[in-house]
Amino acid sequence: DAYPNPFNPMTTIRFELAHAAHACLIIYDLTGREVAQLVNGPLSSGAHEISFDARALPSGVYFYSLISANHRLTRKLLLVK
């Protein structure tokens, strides 16, 4: 989950991994264009918190995708400036 959401200009994405794994956390705009890559590498099992600074992006709807092992989770973010 991301908190706060809606946000301006910072939000924190929190997630848990059951097992240590290579993970990617990527932010996309509404058109599907990648606008930020927050994680791309090995992560330990357990809880993680990753901050996203959207100061350079325009207001709008964004999505974050967390990809690890055989899992993919996508959630909506709303940036309101």
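Residues numbered from 1 in each chain as written. Predicted model: local features only at pLDDT ≥ 70, side-chain atom pairs only at ≥ 80, totals over all residues. Heavy atoms only, no water.

Asks: Explain the overall build of the chain residue by residue, including any values.
Replies: In terms of regular secondary structure, the chain is built from zero helices and seven strands. The order of α-helices and β-strands along the chain, N terminus first, is β-β-β-β-β-β-β. The C-alpha atoms of the chain give a radius of gyration of 12 Å, which matches the 12 Å a tight globule of 81 residues would have. Looking at the 81 residues of the chain, the share that counts as buried comes to 38%. (Helix = DSSP H or I, 4+ residues; strand = E, 2+ residues; numbered from the N terminus. Rg over C-alpha atoms; globule rule 2.2 N^0.38 Å. Buried < 20%, exposed > 50% of the residue type's maximum accessible area, 1.4 Å probe, protein only.)

Asks: Describe the sheet that holds strand 1 (residues 2-3), and please don't skip the residues or the numbers.
Replies: The three strands lie next to each other as 1-2-5, forming an open sheet whose pairing is antiparallel. The open sheet has two free edges, formed respectively by strand 1 and strand 5 (46-53), since each of these has just one partner strand. Bridge analysis of strand 2 (residues 10-17) against strand 5 gives eight bridges, and the strand direction is antiparallel. Along strand 5, the bridge assignment pairs leucine 17 with glycine 46. (Pairing = 2+ DSSP bridges.)

Asks: Tell me what's going on with unusual backbone geometry, and back it up with residues and numbers.
Replies: Omega for the peptide link from tyrosine 3 to proline 4 comes to -5°, which places this bond in the cis form. Structurally, proline 4 can be placed in the loop between strand 1 and strand 2. The amide bond that connects asparagine 8 to the next residue, proline 9, takes the cis arrangement and shows omega of -15°. Relative to the helices and strands, proline 9 resides in the loop between strand 1 and strand 2. Even without being glycine, alanine 69 reaches a positive phi, approximately 45°. One can find alanine 69 in the loop between strand 6 (60-68) and strand 7 (71-79).

Keep in mind that these numbers describe shape and distance, not what the molecule does.
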